[in-house]
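# Summary of structural features
Each chain, letter by letter, is given below.
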Amino acid sequence: MNRLFDEHIKREVLSLDGAWRFAPDKDDIGEAQGWFNGLPEYETVIVPSVWNMESGLYEYEGAGWYEKSFFTNGGCLRFCFGAVMTEAKVWLDGVCIGSHYGGFLEFSLIVPEVSAGYHRLTVRADNRFDEHSIPQRVVDWYHFGGIIRGVSVEKLCGITVLSNHLEYTLCDDLTTVNGHFALEVYNADSAECSSVITARIGDDTVSEVTVTLPPHGCETVTTPEFTLKDVQLWDVSAPNLYDVTIENETDDLIDRVGFRRVEVSDGELKLNGKTIELRGVNRHEEHPDFGFAFPMSRMKHDIDLALDMGCNAIRGSHYPNSQAFVDFLDERGILFWSEIPIWGGGFPEEALADSTVLERGLEMHREMVKYYYNHPSIIFWGMHNEIRSETTAGYEMSKLYYEYLKQNGGNRLVVYASDKPMTDICLEFGDVTCINMYYGWYRGGIEIWPKFLDELSARRKELGINDRPIIFGEFGAGAIYGFRDTECVKWSEDYQAKVIDYCLNLFHEHPDVCGSFIWQFADTRTSDEMGYTRARGFNNKGILNENRRPKAAYYTVKSCYRSFMEETK
Ligand code: ADA
């Protein structure tokens with residue numbers, strides 16, 4: 001289960017979450033020895049999870065095999081994986097049925113004819129890196145391995161809808177919507193099949209389309225255009241959602257949508273025509289007990305904390321978060337920045353120009369757009385973070401991804417976080433100028449900030465992009481939970497609170513800045529490659545510690561963000 005609602009009522013879905021047989025493959029011999037025909041030795045683990053939480057595997061990087069038996073009364077089956085770190089290969093009864101690259105994105109594999117009876121599903125997950133990996137080995141988070149999100153098997157019958165995008169424009173009256181659905185349809189039968197598919201929004205049938213497909217054919221069809229009147233907008237203060245049901249006699253796909261408009265105009269960021277200031281945090285979807293297999297109950301708690309601080313925005317740094325988390329954001333009215341894990345600090349220039357990397361990154365953007373398209377909370381697609389944006393390779397990558405996302409990403413802005421704006425040659429590819437900068441922590445004290453802001457304004461003017469607002473995508477300071485000091489020294493909670501307080505107020509007062517995303521929401525376990533700059537093996541810039549206990553900065557942020565919020569009322 002990866003959503004906060006049932007995606008199917010008519011379609012038969014069997015959850016495969018729970019106990020699986022598991023074996024780490026430390027010598028990488030599993031494939032040669034045919035482990036897909038049955039694991040020679042195994043222990044029981046619970047899926048979803050990361051293997052690093054199993055004893056003896058805290059630092060394990062390599063391949064891991066998972067196996068589970070299930071029963072079906074036969075037919076066309078679709079195996080759905082919420083996310084597997086990082087490369088997955090899948091077998092059904094010893095026969096390979098497909099593979100997937102990319103750790104934080106869902107994928108599904110269809111097997112057209114499966115006999116009735118018991119079957120064995122085997123997954124080999126591999127979380128190693130090479131020069132073509134996204135991310136590359138050096139990242140400031142931990143390289144967890146395993147099946148990190150839910151797994152299910154769906155039985156497909158006749159014409160089925162695999163995915164849907166609601167494409168719409170909101171008219172200037174902000175109450176009328178013109179739209180249509182783009183439906184990815186598949187024929188699960190071994191004969192040609194025809195069916196009328198109906199699309200409902202709430203209780204209203206808005207569109208119908210007749211689909212005819214050859215045996216096991218798949219295509220994307222567009223429903224006729226419809227108009228909806230008196231629409232209740234989705235907004236941060238009133239996150240109105242509508243249920244969507246796409247169905248025919250035997251199949252259905254249920255989703256939720258919200259109608260809103262996001263744009264940059266008159267140099268300001270606007271949501272539904274009104275200027276909005278983003279009061280944000282960066283959050284890793286990572287927990288000390290669960291790694292990337294972040295439980296839904298804890299997601300809700302994180303959102304409660306963010307709202308308590310007065311946040312209205314979260315950056316899903318640095319990879320697509322689980323669908324359930326974004327569902328919560330849709331429900332609670334928090335804006336989201338969703339990005340793929342191209343983390344520049346560890347990305348050498350040659351990797352940016354590597355054709356496999358470029359294609360893998362593009363495919364990750366395609367999948368992110370495909371699976372997250374209908375979430376109203378997502379207002380930014382993030383292309384990458386802190387890459388070598390002063391190089392030609394950085395420019396070419398940015399251009400490729402920007403053009404793809406502008407064309408295919410729906411009503412959203414495209415952004416990336418730059419840590420070198422004075423030499424960056426890609427800034428034209430950000431609808432908003434997003435800066436990561438750490439004065440007060442790295443590269444000198446907080447007194448440098450005003451000078452930096454002046455230089456940034458001059459640079460943006462020179463590039464002719466000063467009509468776009470600025471967002472601070474990252475800033476902050478490290479603090480060890482519980483370390484207080486009257487001298488306000490580095491690593492103390494007091495020092496962190498001071499830096500954040502200074503930055504938030506400075507950005508809030510600046511006419512060109514439309515938002516701040518503090519680095520970071522909670523402390524996170526990091527990789528060995530980050531070395532001695534990361535006390536305890538953690539990135540300690542959380543305003544909460546890893547167990548979500550507040551540091552002093554929590555109350556500073558709460559006081560700032562809540563007072564900014566009051567000003568906009
Ligand atoms: C970068 C990076 C973050 C984190 C941060 C830090 O800006 O994008 O992931 O590593 O630095 O803590 O230094």
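Everything that follows concerns the structure shown earlier in this document.
What comes next concerns the included structure. Since the structure is predicted, the reported quantities are computational estimates derived from the model, not experimental observations.

### Observations regarding the overall build of the chain
From N to C terminus, the chain includes eight helices and 33 strands. Here the C-alpha coordinates of the chain stretch approximately 70 × 60 × 45 Å along the principal axes. Out of the 569 residues belonging to the chain, those deemed buried represent 61%. Carbon and sulfur atoms make up 49% of the accessible area of the chain, which amounts to about 21,300 Å² in all. The positive charge centre, built from 54 side chains, and the negative charge centre, built from 89, are 4 Å apart in the chain.

### Side note on the sheet that holds strand β5 (residues 75-81)
Reading across the sheet, the four strands line up as β1-β12-β5-β9 and stay open at both edges, with antiparallel pairing between neighbours. Each end of this open sheet is capped by a strand with a single partner; those strands are β1 (12-15) and β9 (107-114). Here the strands of the sheet are splayed against their neighbours by 20° on average, with no regard to which way each runs. As defined by bridge partners, β5 adjoins β9 across six bridges and the pair is classed as antiparallel. Bridge pairing in β9 places Cys80 opposite Ser108.

### Observations regarding the packing of aromatic side chains
Tallying each qualifying case throughout the model produces 36 aromatic pairs. An angle of 50° between the planes, with centres 4.8 Å apart, marks the rings of Phe22 and Tyr66 as tilted. Remark: Tyr66 occurs in strand β4 (residues 63-72) and Phe22 occurs in strand β2 (residues 18-25); sequence separation between them is 44 residues. Among the residues examined, Tyr66 registers a relative accessible area of 1% and is labelled buried.

### Some details on the site of the ligand
Neighbouring the ligand are 13 residues, the closest being Asp140, Glu386, Tyr442, Glu474 and Lys541. One nitrogen or oxygen atom from the side chain of Glu474 is found 2.3 Å from an oxygen atom belonging to the ligand. Relative to its free-state accessible area of 320 Å², the ligand is covered by the protein chains to the extent of 95%. For the shell around the ligand, the per-class residue count stands at four nonpolar, four polar and five charged.

### Some details on the nonpolar core
Core analysis: the largest hydrophobic core is formed by 83 residues, its most contacted members being Trp449, Phe472, Leu504 and Ile518. Excluding anything up to four places from it in sequence, Trp449 contacts Met437, Tyr439, Phe472, Phe475, Tyr502, Cys503, Leu506 and Phe507. With 28 residues, the next largest nonpolar core counts Phe81, Ala88, Phe107 and Val151 among its residues.

### Overview of unusual backbone geometry
The residue after Val47, namely Pro48, is reached through a cis peptide bond having omega 0°. Here Pro48 lies in the loop between β3 (43-47) and β4. Cis geometry is adopted by the peptide bond preceding His318, which originates at Ser317 and carries an omega value of 5°. The phi dihedral of His216 is positive, around 55°, even though this residue is not glycine. Mapped onto the secondary structure, His216 falls in the loop between β16 (204-213) and β17 (218-222). Residue His216 is classed as partly exposed on the basis of its relative accessible area, which comes to 24%.

### Describing the packing of helix α4 (residues 355-372) against helix α5 (residues 392-408)
Running from N to C, α4 and α5 point in directions that differ by 20°, and their axes come no closer than 11 Å. Judged on the interaxial angle alone, α5 and α4 are roughly parallel. Every pair of crossing elements has a handedness; the one defined by α4 and α5 is right-handed. Judged by residue contacts, Val357, Leu358, Gly361, Leu362, His365, Arg366 and Val369 of α4 engage Met397, Leu400, Tyr401, Tyr404, Leu405 and Asn408 from α5. In the contact of α4 with α5, the residues fall into nine nonpolar, three polar and one charged.

### Comments concerning α4
Each full turn of the α-helix corresponds to 3.6 residues, which orients residues three or four apart in the same direction. With 18 residues, α4 should cover 26 Å at 1.5 Å per step; its first-to-last C-alpha distance of 25 Å lies within 8% of that length. Within α4 the residues assigned to the buried category are Val357, Gly361, Leu362, Met364, His365, Glu367, Met368, Val369, Tyr371 and Tyr372. The N-capping residue of α4, defined by a side-chain oxygen 2.9 Å from the backbone nitrogen of Thr356, is Asp354.

### Some words on the pattern of salt bridges
Applying the stated criterion to the full structure yields 44 salt bridges. For the salt bridge of Arg11 with Glu154, the shortest nitrogen-to-oxygen distance reads 2.7 Å. Here Arg11 is found in the segment before β1, whereas its partner Glu154 is found in strand β12 (residues 151-156), with 143 residues between them in sequence. By relative accessible area, Arg11 is classed as buried at 4%. Between Arg261 and Asp172 there is a salt bridge, with the nearest N and O atoms lying 3.0 Å from each other. In this pair, Arg261 sits in the loop between β20 (252-257) and β21 (262-265) while Asp172 sits in the loop between β13 (159-170) and β14 (177-187), placing the two residues 89 residues apart along the sequence. Residue classification places Arg261 among the buried positions, given a relative accessible area of 18%. Asp172 gets classed as exposed once you look at its relative accessible area, which sits at 69%. One continuous salt-bridge network, built from bridges that share partners, spans Asp28, Glu31, Lys89, Arg124, Asp126 and Arg128.

About the criteria used
- Residues numbered from 1 in each chain as written.
- Predicted model: local features only at pLDDT ≥ 70, side-chain atom pairs only at ≥ 80, totals over all residues.
- Heavy atoms only, no water.
- Helix = DSSP H or I, 4+ residues; strand = E, 2+ residues; numbered from the N terminus.
- Buried < 20%, exposed > 50% of the residue type's maximum accessible area, 1.4 Å probe, protein only.
- Areas by Shrake-Rupley, 256 points an atom, 1.4 Å probe, with all protein chains shown as cover.
- Lys, Arg positive; Asp, Glu negative; His and termini not counted.
- Charge placed at Lys NZ, Arg CZ, Asp CG, Glu CD.
- Pairing = 2+ DSSP bridges.
- Axes fitted to C-alpha atoms, helices over the stretch in contact; angles between N-to-C directions.
- Phe/Tyr/Trp six-rings, centres within 6.5 Å; stacked < 30°, edge-to-face > 60°.
- Near = heavy atom within 4 Å.
- Polar contact = N/O pair within 3.5 Å; in protein donor to acceptor, adjacent residues only side chain to side chain.
- Nonpolar A, V, L, I, M, F, W, Y, C, P; charged D, E, K, R; others polar.
- Core = buried A, V, L, I, M, F, W, Y, C linked by side-chain atoms within 4.5 Å.
- Contact = heavy atoms within 4.5 Å.
- Parallel < 35°, antiparallel > 145°, perpendicular 65-115°, else oblique.
- Left-handed = near helix turned anticlockwise from the far one by under 90°.
- Expected span 1.5 Å × (residues − 1).
- Salt bridge = Lys/Arg side-chain N within 4 Å of Asp/Glu carboxyl O.

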